[in-house]
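Structure at a glance
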Amino acid sequence: MVKKREIVKGINRRRLLGGATALGSLAMTSKVFSQVKANRDNLPPNLPEWTPDLGPGVDVNPYGTPSIFEENVIRRNVPWLTASAESSVNFTPLQDLEGIITPNGLCFERHHGGVPEINPADYRLMINGLVDREMIFTLDDLKRFPQTNKFYFLECAANGGMEWKGSQLNGCQFTFGMVHNVQYTGVKLSDLLSETGLKPKAKWVLAEGSDTSGMTRSIPIEKILEDCLIVWAMNGEALRAEQGYPVRLVVPGWEGNMWVKWIRRLEFGDKPYMTREETSKYTDLLSNGKARMFTWVMEAKSVVTSPSPEKPILQKGVHQIRGLAWSGRGKIKRVDVSIDGGKNWKTSKLHGPVFSKSLSRFTFPLNWNGEELLIQSRAIDETGYVQPHIHELQKVRGLNSIYHNNSIATWLVNKNGKVENVRLG
Ligand code: MTE
Ligand code: CO
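What counts, and at which threshold
- Residues numbered from 1 in each chain as written.
- Chains lettered and ligands numbered in written order.
- Predicted model: local features only at pLDDT ≥ 70, side-chain atom pairs only at ≥ 80, totals over all residues.
- Heavy atoms only, no water.
- Helix = DSSP H or I, 4+ residues; strand = E, 2+ residues; numbered from the N terminus.
- Buried < 20%, exposed > 50% of the residue type's maximum accessible area, 1.4 Å probe, protein only.
- Contact = heavy atoms within 4.5 Å.
- Areas by Shrake-Rupley, 256 points an atom, 1.4 Å probe, with all protein chains shown as cover.
- Lys, Arg positive; Asp, Glu negative; His and termini not counted.
- Charge placed at Lys NZ, Arg CZ, Asp CG, Glu CD.
- Phe/Tyr/Trp six-rings, centres within 6.5 Å; stacked < 30°, edge-to-face > 60°.
- Pairing = 2+ DSSP bridges.
- Axes fitted to C-alpha atoms, helices over the stretch in contact; angles between N-to-C directions.
- Arc of directions from axis to C-beta.
- Near = heavy atom within 4 Å.
- Polar contact = N/O pair within 3.5 Å; in protein donor to acceptor, adjacent residues only side chain to side chain.
- Nonpolar A, V, L, I, M, F, W, Y, C, P; charged D, E, K, R; others polar.
- Core = buried A, V, L, I, M, F, W, Y, C linked by side-chain atoms within 4.5 Å.
- pLDDT = per-residue confidence, 0-100.

Concerning the overall build of the protein chain
Of the regular secondary structure elements, the protein chain holds eight helices and 24 strands. By its C-alpha atoms, the protein chain is 70 × 65 × 40 Å across when sized along the principal axes. Taken across its 425 residues, the protein chain has 52% of its residues classed as buried. Expressed as a percentage of contacts within the protein chain between residues at least 6 apart in sequence, the contacts between residues at least 24 apart total 72%. Entry remark: accessible area of the protein chain is about 20100 Å², with carbon and sulfur atoms responsible for 54%. Of the side chains in the protein chain, 54 bear a positive and 44 a negative charge, and the two mean positions are spaced by 8 Å.

Here is the structure:
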C-alpha cells in the first residue's frame, strides 16, 4: 500500500545529524521500547508476591514521586541542540501522557541563561512608564487581587523547528515536546493596571525577566488587556523554579518566548522596544532576504502521540490512535486522522473538556492487520483555520525557517509495528 519512493527517511536523517549522534538517539529509543517481562509466579491464579508486602510506610516519600516502573517517563534533551546545560532546552514526553494536563515535573524547560533561585520574600514586580502611578508589588500584594484559574498551553516558537527541511529526529518527544499545558493561578494584568492606571499614549509593554539572559519582549497593549496573566501557581502548587518561580507572565496562545519567567518589571511605552529576542531572534528569514517579525500567535497544530516512534504497535487487532491538538486562536473544533498519508481523512473523537488556547485530547479507533500505515492528524480550530502541510509553509517562508512549524507530521508504521518519523515527498 505504501510506496517506498514517496518516503524520505533514514538517509536524510543521518545526513542532517552526523553519524555518532544518530546512533545515540537510536540507543535511547530502543530503551523506551523495552518491555517489562512478566513473572509467571505473579499471574492468576497465584497470589502475587506484592500482596503480603506492607511497603515502606507514609513518611518515606513526603513529596510523592511516580512509580519506579515509570522511570522512562522523563524530560529529555538533545545534546547537540544547545550550547550548555544552563542555556538549554528539554522536551515533554507527550507520548506517555494522558488527558490534557502536563504534570509539573514533566513540563519542558527552556532557559536562555540558567535558573535563578529567588526567595519569594525578596520578590518584587515593578510597573512603570506610561502609567498614572508607578508601583512595586510584593508577592503577597499580588495574591490580594481577585484570582483566576485558567488552562493554557505554552509552546516554544522553535517546537518542530528541526523538522523544517525534512524529518530529522525520530521521536514524538523531540519533534513535538516543546509544549506543555497546565492550570495557572494568578491575577489578570488588566486588574493590576486598574491600580496603576494607564496613560492614553500607552500602546506597548516591555516585559523583563530577572535571570542572566536579560529576557525582554514587547507586547501590544490590546493583548495585555485581553487575557495576559501574572501567575504564581501551576497545577495547584507554586510555580517550579524552572518555570519562573515565584512569578511569570502568561501570554495565552502566543509564542512561549514572550511568557517571561522570573518577571521583575513591566514598562509601558508608546512603541515596540525592538529587543534582541524580537529582532535577531524569533523572526523568520524569508527566501527574498527579508524577515518576518512579530509572529506571535501559535497556529493550530496536532500530534499523534500513540502510535509514535516511542510507542510501537505491539499486536494486531483493535487499538486507539491517541493525540493532542491545540490552537493559539481559540478552541479546537475538529481533528481529522489519516492512516494512508493524507489521501483519506476521518473525523476523530474530541474529548472534553475543550478549553480555549489549551491542549485538547483526541482518539480514533484503529484495527491493525499488520499492514504499513502512514498516520497523520490535522487540527481545525474554531476560526476555521486548518493545520497546513509543510509544503504550504515552505511555499510562503522558504527553506530557512525554524520557528512556527505547525505542519502535519507523518508516522510510518512498519509491518513489525515499529514507527518512524518520515517526510512525504
Ligand atoms: N523567560 C526568561 N526570563 N528567561 C528565559 O530564558 N525562555 C522563554 C520563555 N520565558 C525564557 C523566558 C522561552 S524561549 C520559552 S519557550 C518559555 O519561557 C519556556 O517556558 P518553560 O521553561 O516554562 O517551558
Ligand atoms: Co522558546
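Side note on the packing of aromatic side chains
With the rule as written, the count across this model stands at eleven aromatic pairs. Both rings, one in phenylalanine 91 and one in phenylalanine 174, keep their centres 5.5 Å apart while their planes meet at 85°; by these two values the pair is edge-to-face. Taken as a pair, phenylalanine 91 in the loop between strand S2 (88-89) and strand S3 (110-111) and phenylalanine 174 in helix H4 (residues 172-176) lie far apart in primary sequence, 83 residues in all. Neither phenylalanine 91 nor phenylalanine 174 differs from the other in exposure class; each is buried.

Let's talk about the sheet that holds strand S20 (residues 349-351)
What the four strands build is an open sheet, ordered S16-S17-S21-S20; its pairing is antiparallel. One side of each edge strand has no neighbouring strand; the edge strands of this open sheet are strand S16 (301-306) and S20. With direction set aside, neighbouring strand axes in the sheet form an average angle of 30°. In this sheet, strand S17 (residues 317-326) lies alongside S16 in antiparallel orientation, the contact comprising five bridges. Across the sheet, serine 306 pairs through a bridge with arginine 322, a residue of S17.

Details of helix H8 (residues 390-397)
Because the α-helix completes a turn every 3.6 residues, residues three or four places apart line up on one side. Among all positions of H8, only Ile390, Leu393, Gln394 and Arg397 are buried. Seen along its axis, H8 keeps its buried residues to an arc of 100°; they face one direction. H8 presents Lys395 and Val396 as exposed residues on the side facing more than 90 degrees away from its buried surface. Residues of H8 that are buried in the fold lie against strand S14 (284-285), strand S15 (291-292) and strand S24 (419-424). Following H8 by one or two positions, glycine 398 has its phi on the positive side, about 75°.

Concerning the site of ligand 1
Taken together, 22 residues lie around ligand 1, and Phe108, His112, Asp211, Arg248 and Lys261 are the ones closest in. In the environment of ligand 1, an oxygen atom lies 3.1 Å from a nitrogen or oxygen atom belonging to the side chain of glutamine 243. In the environment of ligand 1, an oxygen atom lies 2.5 Å from a nitrogen or oxygen atom belonging to the side chain of lysine 261. Protein burial of ligand 1: of its 540 Å² of free accessible surface, 100% is covered by the chains. Per-class residue counts for the shell around ligand 1 are eight nonpolar, eight polar and six charged.

Re the sheet that holds strand S8 (residues 204-209)
Spatially, five strands are ordered S5-S4-S13-S8-S9 in an open sheet, and the strand pairing comes out mixed. Looking at strand neighbours, the two that pair on one side only are strand S5 (135-137) and strand S9 (216-220), the edges of this open sheet. Going across the sheet, the axis of each strand differs from the next one's by a mean of 20°, ignoring polarity. Bridge analysis of strand S4 (residues 125-129) against strand S13 (residues 263-269) gives four bridges, and the strand direction is parallel. Across the sheet, the residue bridging to methionine 126 is arginine 265, located in S13.

Side note on the side chain of serine 327
Counting through the fold element by element, serine 327 comes out in the loop between S17 and strand S18 (332-338). A distance of 3.0 Å separates a polar side-chain atom of serine 327 from the backbone nitrogen of arginine 329. In terms of polar contacts, serine 327 uses its side chain to reach the side chain of aspartate 381, at 2.7 Å.

Some thoughts on the pairing of strand S22 (residues 373-381)
Counted residue by residue, S22 has nine buried out of nine residues, so it is predominantly covered. Residues Leu373, Ile375, Ser377, Ala379 and Asp381 point to one face of S22 and Leu374, Gln376, Arg378 and Ile380 to the other, with burial holding for every one of them. In this sheet, S22 lies alongside S18 in antiparallel orientation, the contact comprising six bridges. Pairing of valine 337 across the sheet is with serine 377, part of S22. Pairing analysis gives three bridges linking S22 to strand S23 (residues 410-413), with the strands arranged antiparallel. Within S23, the position partnered with leucine 374 by the bridge is leucine 412.

Topic: the nonpolar core
Counting residues in hydrophobic clusters, the biggest one holds 61 residues, and the most contacted among them are Leu192, Ile230 and Ile263. The biggest single contributor to this core is strand S10 (residues 229-234), with six residues. What leucine 192 contacts, discounting residues up to four positions off in sequence, is Leu125, Ile127, Phe137, Leu142, Phe145, Val187 and Ile230. If you look at the next biggest cluster of nonpolar residues, it comprises 28 residues, including Leu94, Trp326, Ile332 and Phe364.

Points about the confidence of the model for the protein chain
For the protein chain, per-residue confidence averages 91 on the pLDDT scale, and 92% of positions sit at 70 or higher. Looking at the elements of the protein chain, mean pLDDT is at its lowest for helix H1 (residues 10-17), recorded as 35, and at its highest for S10, recorded as 99. Counting contacts from residues 1-5, a segment whose pLDDT is below 50, to residues more than four positions away or on other chains yields ten contacts. Confidence over residues 8-34 falls short of pLDDT 50; this stretch has 37 contacts with residues more than four positions distant or in other chains.

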